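# Inside the fold
So the chains spell out like this:
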Amino acid sequence: MSDIAIKVEQLSKRYVIGARRNAQDGLRHRLEAWARNPWQWLKSARRDRQATREEFWALREVSFDVRQGDVIGIIGRNGAGKSTLLKILSRITEPTSGEITIEGRVASLLEVGTGFHPELTGRENIFLNGAILGMTRVEIKQRFDEIVAFSEVEKFLDTPVKRYSSGMYVRLAFAVAAHLEPEILIVDEVLAVGDAQFQKKCIGKIEDVSKRQGRTVLFVSHNLQTVRQMCKKVVVLERGRMVYSGGVAAGINRYSGLEGTCDTAVHELADYPRFSEQTGVRLLRVEYWDAAGKPAFRIPRSSELTVNVYFRVEQPVKQLDLPMAIVHVEGQRIFSESYSDHQPEMELEPGEYMVSFTLPLKYLKLESYFLVVGVFESGRHCDFVEGLPLPELTDEFADPHLESRRWGLVRLPVEWAPVKESLSVIETVNGK
Amino acid sequence: MERHYWRDLWRYRELFYFLAWRDLMVRYKQTVVGVAWAIIRPILTIVVLSLVFGKVSKLPSGGAPYPLLVCCGVIPWQFFGAALSECGNSLVSNSNLISKIYFPRLIVPASSVITSFVDFLVSAAFLVFLMVWYQFMPTVSIVALPLFILLAFAASLGAGLWIAALMVDYRDFRVIVPFMVQFGLYATPVAYLSSVIPDKWRMLYSLNPMVGVIDGFRWCLLSREHHELVPVLLPHGGFRWESLGSDQQLYLPALAFSVIGITLLLASGIWYFRKTEKSFADVI
């Protein structure tokens, strides 16, 4: 007997689209079609019918395990199959093939306020919604006060919900759902609604459920910051297939489409996404060198990275500039600068050239960063490459897991002094 | 999965109550007439039907005042009709729940029948009023009334489950059901005694399961003296059972058809519903 809370094996879900356009006139449609040509049914209909069936595989052979107490993030682009997966895990719909095994009571939040009726008051809706989500009347009564306190709508408890503002509505709905206490909690992007303060509250509550109470949580979100903060493991879905299952940092890389690992010191730029005009300057390759003068694809953070950018000039150029930028794996632009900030703009005859710059690495976190380089002439861009992974950063004194939980995209060398007993102001004034 | 389903039905049993409560509360809050409608509707129907079938057509009433006769037919029939419509529509009107939350779907149509049942209880108050008005005291046969109420409940649920499940795929039933109820009003002995049907058609007529139920209602409430069942020979051979001494005859073949028919209807309704339930969330 293992501690596997959820086991998903080869799960697939197929939807048929296009065959029946409108459920509204199903029967009449069929009768009319039949009346027009009664015998067609026998002859060709079968083949035609199958030809017009369009199949759409929302999920394809997805398999993974979730241990009890895990907090798993499920990420992927829109349409990747995340919501379908959650629906199947919540038993709302059945898979076309494959199996799931679930140990424990499941509560799903796929939408906030499902079952709320606008004519009923907040108080009545708490009971109704709680019952729909699976709580018994006794349980709801017990948690009633907590729910009201969490939602902060105490004053409006006895007015019909149709009069609530959207914020109040969402707060109340989430408050009910947050007090469910199931063994397994499944949450789908619900946190996308509501203001920042409310989102913080929701995350806090979910963290409370998972960390303090040790329950299993499955969490779908587009907010990678939240995923990074809350989840230990991540499952990445792409067009219905599971393309990655494992650590959060690597999963986020995979999702961002930026293949994070840097495994070579020399990068031929032909392989990278680039934007180039046809005007005579072309980037060729980039090389990484460490402080000791050796090629590096892995480098200690205490060191400095030297980047050599090689390019070819085909026609004489006057005001050539080379900007560079550092981008965090989640897409945020950390920093950018260009050659002309430090050197005069280049004036070159046709030939092959190299520009070199050196980066201090101690301000970066132990995460994935990417380089963007380009060449511009007189302000117009000639060639531009992005998605170039920087070398993997190492630090023998730091814990990458701990660090990735810290907020922020960069690291500042902060110094902390040890704790001392404090002297109050009054005491010092009195000369103690 | 099967075993889990019935266990889940028990676990979610409070939801039966909550969904019915919600529907009733909403109706109560929306209008003042809402509550009274449960009484006004049968009253109006009884008045019209009594006039048309009793006074104008002068059909026999077997000893009871005609309005009372009609009332005993209208009250259960309106329960059946309303329950059938509500139940049929229940899945579609709760589509937001069905596509977003897990619970045994059987609860949705069942709770809508419960809602109509509450209306039935309210309108039964009018029945009591009429009986007092006509000083028509019921006899011991009233003990069998719960059985017939149960039959009516089962009939609504059975037919309702079929329609609810079919309605998910074919919305046409939204139009078909009112028509069925309308037609049924005349094909069922709501406004007249079933004994006015000529003998040779009686057997066929009794295939309608609600015939036995309405007959039963009348028999429970309106039969006067105690009765014993005797076979009565018919002129052209064969015989027919009669409750001797009572004003309302209980035609046993009709009762048999009802019980068997309704049991089949309910069992098959549950079967079809469970079969198609898996695809509700995808299609609805």
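Residues numbered from 1 in each chain as written. Chains lettered and ligands numbered in written order. Predicted model: local features only at pLDDT ≥ 70, side-chain atom pairs only at ≥ 80, totals over all residues.

### A word on the overall build of chain A
Worth spelling out the cut-off: The secondary structure listing takes helices from DSSP runs of H or I that are at least 4 residues long and strands from runs of E that are at least 2 residues long, numbered from the N terminus. Any residue pair is listed as a contact if its two C-beta atoms, each placed from the backbone, are within 7 Å.
Within chain A, the secondary structure is distributed over 11 helices and 22 strands. Across chain A, the fraction of contacts at a sequence separation of at least 24, relative to all contacts at a separation of at least 6, is 74%.

### What about the environment of B:Gly73?
Residues and elements named next belong to chain B. Using the following cut-off: Counting other C-beta atoms within 10 Å of a residue's C-beta gives its exposure: the residue is buried at 20 or more, exposed at 12 or fewer, and partly exposed in between, where C-beta atoms are placed from the backbone.
Inspection of the secondary structure assignment puts Gly73 in helix α4 (residues 66-93). Residue classification places Gly73 among the buried residues on the basis of 27 C-beta atoms within 10 Å. Each C-alpha atom of the pair Gly73 and Gly216 lies 9.8 Å from the other, and the pair is 143 residues apart in sequence. Apart from the residues within four sequence positions on either side, Gly73 is in contact with Pro189, Val190, Ala191 and Ile214.

### Quick word on the sheet that holds strand β4 (residues 97-102) of chain A
Pairing between the strands of a sheet is mediated by backbone hydrogen bonds and can be parallel or antiparallel. Residues and elements named next belong to chain A. The test is simple: Here a strand pair is declared whenever DSSP counts at least two bridges between the two strands. In this analysis, axes come from line fits to C-alpha atoms, helices being fitted only over the stretch in contact, and the angle between any two N-to-C directions falls in the range 0 to 180 degrees.
The 3 strands are arranged β2-β1-β4 in an open sheet whose pairing can be described as antiparallel. Pairing within the sheet leaves two strands with one partner each, and these edge strands are β2 (54-67) and β4. In this sheet, neighbouring strand axes are inclined to one another by 20 degrees on average, regardless of whether the strands run parallel or antiparallel. Relative to β2, strand β1 (residues 4-17) runs antiparallel, the two being bridged by 10 bridges.

### Examining the nonpolar core
Here is the rule we go by: The nonpolar core criterion groups buried Ala, Val, Leu, Ile, Met, Phe, Trp, Tyr and Cys residues into a set whenever they are joined through C-beta atoms within 7 Å. For every domain, the bounds stem from an assignment made automatically or drawn from a database.
One finds A:Phe219, B:Ala155 and B:Ile163 to be the most contacted residues of the largest nonpolar core, which totals 180 residues. Sorting elements by how many residues they give to this core places helix α7 (residues 145-169) of chain B first, with 17 residues. Taken together, domain 1 (4-9 + 63-256) and domain 2 (266-405) of chain A each give at least three residues to this core, which thus spans both. Those residues in contact with B:Ile163 that sit more than four places away from it in its chain are B:Leu84, B:Cys87, B:Gly88, B:Phe173 and B:Val177.

### Regarding helix α4 (residues 122-132) of chain A
Burial runs high along α4(A): 10 of the 11 residues are buried. Among the residues of α4(A), those classed as buried are A:Gly122, A:Glu124, A:Asn125, A:Ile126, A:Phe127, A:Leu128, A:Asn129, A:Gly130, A:Ala131 and A:Ile132. Buried-residue contacts for α4(A) involve α5 (137-151) and α6 (166-178) of chain A together with α2 (13-30) and α5 (95-100) of chain B.

### Some details on the pairing of strand β9 (residues 241-247) of chain A
Looking along a regular strand, one sees side chains alternate from face to face of the sheet. All names here are of chain A. Summarising the sheet, strand β8 (residues 233-238) and β9 pair through 6 bridges and their orientation is antiparallel. From the neighbouring strand, Glu238 faces β9, where its bridge partner is Arg241. Counted between consecutive antiparallel strands, the loop separating β8 from β9 contains 2 residues, among which Arg239 sits at a positive phi close to 50 degrees.

### Observations regarding the interface of chain A and chain B
Quick note on the threshold: In this classification, Asp, Glu, Lys and Arg are treated as charged, Ala, Val, Leu, Ile, Met, Phe, Trp, Tyr, Cys and Pro as nonpolar, and every other residue, Gly included, as polar.
Contact with chain A, which involves 28 residues of that partner, is made by 23 residues of chain B. Those elements that provide at least two residues to the side of chain A that touches chain B are α1 (26-36) and α4 of chain A. Of the residues forming the side of chain A that touches chain B, the biggest block, 5 residues, is contributed by α4(A). Grouping the amino acids of the side of chain A that touches chain B by side-chain chemistry returns 11 nonpolar, 10 polar and 7 charged.

### Some details on the sheet that holds β9(A)
Residues and elements named next belong to chain A. Pairing is mixed across the open sheet formed by 6 strands, whose spatial order is β5-β6-β7-β3-β8-β9. Strands at the two margins of the open sheet, each flanked by one partner only, are β5 (106-109) and β9. Strand-to-strand twist across the sheet, computed as the mean angle between neighbouring axes with direction ignored, equals 15 degrees. The pairing of β5 with strand β6 (residues 184-188) spans 4 bridges and is classified as parallel. Note on β6: the bridge partner recorded for Leu109 is Val187. In the packing of helix α3 (residues 82-89) onto the sheet, contacts are made with β3 (71-76), β5, β6, β7 (216-220) and β8, and the angle to β6 comes to roughly 150 degrees.

### Looking at the domain arrangement of chain A
Residue and element names in this part refer to chain A. Domain annotation of chain A identifies domain 1 (4-9 + 63-256) and domain 2 (266-405). Taking only C-alpha atoms into account, the centre of domain 1 sits 41 Å from that of domain 2. Counting from both sides, the interface comprises 7 residues of domain 1 and, opposite them, 7 residues of domain 2. For the side of domain 1 that touches domain 2, the secondary structure elements donating two or more residues are α8 (224-230) and α9 (248-256).

### Some words on helix α6 (residues 107-133) of chain B
Spelled out, the test is: The span one expects for a helix is its residue count, reduced by one, times 1.5 Å.
The terminal C-alpha atoms of α6(B), which comprises 27 residues, lie 39 Å apart, in line with the 39 Å expected from a rise of 1.5 Å per residue. Just past α6(B), the residue B:Gln135 takes up positive phi, approximately 50 degrees.

### Quick word on the confidence of the model for chain A
Residues and elements named next belong to chain A. Selection criterion: Confidence scores here are pLDDT values: one per residue, from the predictor, ranging 0 to 100.
For chain A, per-residue confidence averages 82 on the pLDDT scale, and 86% of positions sit at 70 or higher. Low pLDDT (under 50) marks residues 21-25, which in the prediction has 4 contacts with non-local residues, meaning those over four places away or in another chain. Confidence drops under pLDDT 50 across residues 44-48; counting only partners more than four residues distant or on other chains, this segment forms 1 contact.

### Some points on unusual backbone geometry
All names here are of chain A. Look at Gln10: it is not a glycine, yet its phi comes out positive at around 50 degrees. Residue Gln10 is classed as partly exposed on the basis of its C-beta count, with 13 C-beta atoms lying within 10 Å. Backbone geometry at Glu181 places phi at a positive 55 degrees, although glycine is not the residue there. When you line up the elements, Glu181 lands in the loop between α6 and β6.

### Looking at the environment of A:Glu54
Mapping A:Glu54 onto the fold places it in strand β2. Measuring from C-alpha to C-alpha, the distance between A:Glu54 and A:Gln319 comes to 56 Å, with 265 residues separating the pair along the chain.

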